Amino acid sequence: MATSLEVRGVSLRFGGVRALTDVSFAINDGELFSIIGPNGAGKTSIVNCISGRYKPTEGQLFYQGRDITGLTPNARPKLGIGRTFQNLALFHHMSVLDNIMVGRHHLLKNNFLTGSLYWLTGARKEELEHRRKVEEIIDFLDLQSVRKATAGTLSYGLRKRVELARAMALEPRLILLDEPMAGMNFEEKEDMARYVVDLNEEFGMTVVMIEHDMGVVMDISHRVMVLDFGRKIAEGDPAAVLADPHVKRAYLGEEDEALVDPDDAPPAQESAA
Amino acid sequence: MMDYAARVAQADTYPKMLRLNAKEHGNEIALREKDLGLWRPFTWNDYQTRVRDFALGLIELGLGRGDVIGIIGDNRPDWVAAEVATHAIGGLSLGLYRDVLDEEASYLLNYGEAQLVFAEDEEQVDKLLALAERVPRLKHIIYSDPRGMRKYDDPRLMSAEKFAELGRARATREPNLYDKLVDATKGQDVAILCTTSGTTSHPKLAMLAAGRVLSHCATYLAFDPKGPDDEYVSVLPLPWIMEQVYVLGKGLLCRMKINFVEEPDTMMNDLREIAPTFVLFAPRVWESIAADVRAKVMDATPFKQRLFDIGMKSGLGALDQGKRSGLANAILFRALRDRLGFTRLRSAATGGAALGPDTFKFFQAMGVPLRTLYGQTELLGAYTLHPAGKVDPDTTGVPMADSVEIRIDNADVHGVGEIVVRHPNMFLGYYKNPEASVADIRDGWMLSGDAGYFNANRQLVVIDRIKDLAETARGERFSPQFIENKLKFSPYIAEAVVLGAGRDALAAMICIRYSIISKWAEKNRLSFTTYSDLASRPEVYKLLQREVETVNATLPPAQRISRFLLLYKELDADDGELTRTRKVRRGVINEKYAGIIDAIYRGAADIPVDTVIRFQDGTTQRVRTTLHVVDLGGRGPIAEAAE
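Residues numbered from 1 in each chain as written. Chains lettered and ligands numbered in written order. Predicted model: local features only at pLDDT ≥ 70, side-chain atom pairs only at ≥ 80, totals over all residues. Heavy atoms only, no water.

Visitor: Any chance you could explain the overall build of chain B here in plain terms?
Guide: Helix and strand counts for chain B stand at 23 helices and 29 strands. Expected size for 643 residues packed as a compact globule is a radius of gyration near 26 Å; at 28 Å, chain B falls within 12% of this value. C-alpha atoms of chain B, sized along the principal axes, occupy 90 × 60 × 55 Å. A buried classification covers 57% of the 643 residues belonging to chain B. Partitioning the intrachain contacts of chain B with sequence separation of at least 6 by distance along the chain shows that 64% fall at a separation of at least 24. Taken together, the 82 basic and 87 acidic charged side chains of chain B have centroids lying 3 Å from each other. (Helix = DSSP H or I, 4+ residues; strand = E, 2+ residues; numbered from the N terminus. Rg over C-alpha atoms; globule rule 2.2 N^0.38 Å. Buried < 20%, exposed > 50% of the residue type's maximum accessible area, 1.4 Å probe, protein only. Contact = heavy atoms within 4.5 Å. Lys, Arg positive; Asp, Glu negative; His and termini not counted. Charge placed at Lys NZ, Arg CZ, Asp CG, Glu CD.)

As structure tokens, this is what we get:
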């Protein structure tokens, strides 16, 4: 399988704070890859490095074999990288339809000037084509009933879905989902998990997902990587990662003492403290 | 107006009628479906082609005469095409409700021995695949929406496109085959298996002949004319008899255009875009539309609220005099009709349960020609309807034609008895269940199991299921639930219990709606402390007396409430007084309030109460109060005793 994205020895420092330390991993084309870890482990930092919001202090990123470390964020959608945000970043006063149309922006040929000549420059035809794509996404994510609603008036779960729709409108080959299910109720999570799986299977997108809900992560991911204090502590298929003693200690807590290797258990004075 | 009976004589099955329509009106629009945000038309030619491909696809898969074919999914053109195609090969169509439970689906599919099911999408396919070994005869599942289907490799699955392709290939090889099949269909043959609402046991399957459905539609259309200019939006479940009648029967017969909404939750929006000329909604849908309007008005600017109030007042005032208010129309109703998609409405119906009189008036004032219909699956759905201009919210109208005969059997002294009906187009019995057919049909008359009577205007009033009726000591039947529901339409009444079984007259114990009455009390500067205190105020009694008298006016004298009191507490499911679905548990109440009930019937004017109420959090409170019994006059020993 071809490698979609490769992260090679990436470190990220903010002054004295080491957000990421020497993180390396590779994601294959067509994979559903999850990044998990406790709060502050550096999950969003790594996604921001991939999407270009942060430039790594050290290390390199390769997408489809090409070095993208120094590329600006707005150059990345053209390569086929899209993302959603942990905290919603929609245009609140625009309709759902317009919000999703924004995602098509980099694919539009007409600009501000030629677009004003609507019929002459083919802007009309172009808009129709893009509208069709947007409608397909609306159909896929079941957003029909809110198509014309103002984004700011929607419920949180729906806004999350609209954001996913906008990222999909970029037609990315690699999509980064930063906590797509945070703050959702059980039913909304179930729906979202289904969309993520369909995104991967039906649309063939490579998915990188950060998520806290372990049930969802373990159910739908092909591979999982675990970060703790900016370092990679495990990587592999969900079952193996779940069984990893480091992961148990770092992330899942130690409810089941018997399963923890005595050598890996924290020193006595620490647990007494 | 078109002679629809003659047209049925010309083409007495669905595929024949479809072929006739395609021949005469091939390029006119038959169906519309909203897809990717746009309304996409299907002409009669498109409809015919899809049905032909499906029918020949069925033949290719080895299905034929007498085979039962299941259909499940949202209302879509493919659903309808699948049914007509089934009829074209002489098969029996069995519609399943889209939210059917596993157990019921497997029961019905096994019972009908279905080998093939048309399933709309992944959701329905999942359901069928989950049944696995429970439906061993199921050999083919045809799905219309390919999304999410990639992961399955079940050999039974086939996409509707591939299936239609099979049929198309066969049509190229044998161009005359489809016509021959259609020619062989007979109107008197069983074509539709319609599930009847089984409340306790498994549903029964009523056998309907397509020719009879079409004839019944001709009768219906003669009473309530529709034509090719009419627009209908299909949102009721297609397996249900009324939607079968509208979408297939009437759609094919009078060529009214059938529109399928994008998704169930876009219904109100799509309805507005189409602006249908006819709608049928269940009472709760009408109630929720009215409630939505009121809720939105509360959020509007004070100016708009004022306009709404003036418009409603003037509109309702005019309605009481049998007129329409021009002012109300100009400032309110025109805009409201537009917002709701009712601008072109020429006919509107409700049925299945009672609709509150206030809601009824609200829509009538708005200019929505709302009427009530009544019927059963076995009798092909509706057979009584209000005649235009003679709408009475308390009745279900009159028989649609002379051929529809209605009898009241075992009537009591006031004419209340079981509704028994026959008409020439009724069902042919229950599928593979002759015992049930014998039990429900006597000498060609269908026992509806419903209790009702004809009022002074010869309009039918349906009361309740016959088994839920109670009888007074004088042998007069009444339905406690029917009267309780009428009482509960009042905003001031939360719950009511109607007494009278084995007694001389009817009485009611009423629980006030605290949230509303407390506001009313504040507005009227009436001080009170608790629920019990408020419920014992003479002012509140006076208010409630008016409400009870209003209800009494709509009831025949024998069913009127002659005495009532206001209970000191609300009925509560936690106390076992109500079921979890908020139905009155009569046994518990008769026992618990035996002292009070006896006192009411003794003719006491005041009943002292000293009891303990237990709240949900475990705390208790002693209640000492006196219940007043209001005597509304009337007749019988109660009135006499009170004098």
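Visitor: For this particular structure, what's the right way to read helix α7 (residues 160-173) of chain B?
Guide: Since the α-helix packs 3.6 residues into each turn, any two residues three or four apart lie on the same face. Residues and elements named next belong to chain B. Compared with an ideal rise of 1.5 Å per residue, which puts 14 residues at 20 Å, α7 spans 20 Å between its outermost C-alpha atoms and is within 8% of the ideal. Of the residues making up α7, those classed as buried are Ala160, Phe163, Ala164, Gly167, Arg170 and Ala171. Here the buried residues of α7 occupy an arc of 115 degrees about the axis, which is enough to place them on one side. Opposite the packed face of α7, turned more than 90 degrees from it, sit the exposed residues Lys162, Thr172 and Arg173. Those residues of α7 that are buried are in contact with α3 (44-60), α4 (77-88), β5 (116-119), β6 (140-143), β7 (157-159) and α8 (177-184). (Expected span 1.5 Å × (residues − 1). Arc of directions from axis to C-beta.)

Visitor: When you look at the layout of surface pockets in this model, what are you seeing that I'm missing?
Guide: Where empty space is left can be seen by rolling a probe of water-molecule size over the atoms. As a volume, the second largest pocket reaches approximately 1,500 Å³. Forming the walls of the second largest pocket are 44 residues, and the residues nearest its centre are Asp142 of chain A together with Asp121, Asp145, Arg147 and Glu263 of chain B. At the level of elements, α5 (123-140), α6 (156-169) and α7 (186-201) of chain A together with β1 (29-35), β2 (38-43), α4 and α6 (122-131) of chain B are the ones that each hand at least two residues to the lining of the second largest pocket. Class assignment of the residues belonging to the lining of the second largest pocket gives a composition of 11 nonpolar, 4 polar and 29 charged. (1 Å grid on protein atoms, 1.4 Å probe; cavity = no way out; pocket = protein on both sides within 12 Å on 5 of 7 lines; lining within 4 Å. Points joined across faces, edges and corners; volume = space filled by probe spheres on them. Nonpolar A, V, L, I, M, F, W, Y, C, P; charged D, E, K, R; others polar.)

Visitor: What's the story with empty space enclosed by the protein in this structure? I'm lost.
Guide: All names here are of chain B. Enumeration over the complete set of coordinates arrives at 7 cavities of 30 Å³ or more. Along its surface, the largest cavity is lined by Ile71, Ile72, Asp74, Arg76, Asp78, Trp79, Ala82, Phe118, Ala119, Glu120 and Ser144. Those elements giving two or more residues to the lining of the largest cavity turn out to be β3 (68-72), α4 and β5. Counting residues per element, the lining of the largest cavity draws most heavily on α4, which supplies 3 residues. Residues of the lining of the largest cavity, tallied by class, amount to 6 nonpolar, 1 polar and 4 charged.

Visitor: Would you mind showing me how to read the environment of tyrosine 195 of chain A here?
Guide: Within the fold, tyrosine 195 of chain A resides in helix α7. Accessibility expressed as a relative area gives 4% for tyrosine 195 of chain A, which makes it buried. Sequence spacing of tyrosine 195 of chain A and aspartate 142 of chain A is 53 residues, and the spatial spacing of their C-alpha atoms is 9.8 Å. Leaving out residues up to four positions away in the same chain, tyrosine 195 of chain A has contacts with Phe140, Leu141, Asp142, Arg161 and Leu164 of chain A together with Arg147 of chain B.

Visitor: Would you mind going over the sheet that holds strand β26 (residues 561-566) of chain B with me for this structure?
Guide: The pairing of strands in a sheet comes from backbone hydrogen bonds and takes either a parallel or an antiparallel form. Residues and elements named next belong to chain B. Across the sheet, 4 strands lie side by side as β24-β25-β26-β29; this open sheet has mixed pairing. Two strands bound the open sheet, and with one partner strand each, they are β24 (493-499) and β29 (630-631). Each of β24, β25 (506-512) and β26 touches helix α22 (residues 594-602); the most contacted strand, β25, lies at about 130 degrees to it. (Pairing = 2+ DSSP bridges. Axes fitted to C-alpha atoms, helices over the stretch in contact; angles between N-to-C directions.)

Visitor: Please clarify how the confidence of the model for chain B should be interpreted in this entry.
Guide: Do not read the fine detail of predicted coordinates wherever pLDDT is low. Mean pLDDT over chain B stands at 90; residues scoring 70 or higher make up 97%. Reported for the predicted complex are a pTM of 0.82 and an ipTM of 0.71. (pLDDT = per-residue confidence, 0-100.)

Visitor: Help me out: how do you make sense of the side chain of arginine 337 of chain B in this one?
Guide: Residues and elements named next belong to chain B. Structurally, arginine 337 is set in helix α14 (residues 326-340). Notably, arginine 337 is buried but unbridged: the nearest opposite-charge side chain belongs to aspartate 338, and the N-O separation is 8.9 Å. From its side chain, arginine 337 meets the backbone oxygen of methionine 366 in a polar contact 2.8 Å long. With sequence-adjacent residues up to four places away left out, arginine 337 is seen in contact with Arg324, Asn329, Phe342, Thr343 and Met366. (Salt bridge = Lys/Arg side-chain N within 4 Å of Asp/Glu carboxyl O. Polar contact = N/O pair within 3.5 Å; in protein donor to acceptor, adjacent residues only side chain to side chain.)

Visitor: Looking at this structure, how should I read the sheet that holds β3 of chain B?
Guide: All names here are of chain B. In spatial order, the strands read β7-β6-β5-β3-β4-β8-β9; together these 7 strands make up an open sheet with mixed pairing. A single partner strand is all that each edge strand has here, and the edge strands are β7 and β9 (205-209). Between one strand axis and the next, the sheet turns by 25 degrees as a mean value, whatever way the strands run. Note: strand β4 (residues 92-96) against strand β8 (residues 190-195), 2 bridges, orientation parallel. In the sheet register, leucine 94 faces β8, and the bridge partner there is leucine 193. Contacts from helix α9 (residues 210-223) reach β8 and β9 within the one sheet, and its direction differs from that of β9 by about 75 degrees.

Visitor: In this structure, what is going on with unusual backbone geometry? I would like to understand it.
Guide: Excluding glycine, most residues fall at negative phi; most peptide bonds, likewise, are trans. Positive phi is not limited to glycine here, since aspartate 22 of chain A has a value of about 50 degrees. Within the secondary structure, aspartate 22 of chain A is located in strand β2 (residues 17-28). The class of aspartate 22 of chain A is exposed, set by a relative accessible area of 53%. Of note, the phi angle at arginine 458 of chain B is positive, near 60 degrees, even though the residue is not glycine. Mapped onto the fold, arginine 458 of chain B is located in the loop between β20 (445-454) and β21 (460-465). Judged by relative accessible area, which is 56%, arginine 458 of chain B ranks as exposed.

Visitor: Just to check I follow, could you spell out the nonpolar core for this structure?
Guide: The tendency in soluble globular proteins is for nonpolar side chains to be buried side by side. All names here are of chain B. In this structure, Tyr47, Phe118 and Tyr246 are the most contacted members of the largest nonpolar core, which totals 92 residues. No other element matches the 9 residues that helix α10 (residues 241-254) contributes to this core. Leaving out residues up to four positions away in the same chain, phenylalanine 118 has contacts with Phe54, Leu58, Ile69, Gly70, Ile71, Ile72, Ala82, Ile142 and Phe163. Counting 63 residues, the second-largest nonpolar core is a separate cluster that includes Val461, Val584, Ile607 and Val623. (Core = buried A, V, L, I, M, F, W, Y, C linked by side-chain atoms within 4.5 Å.)

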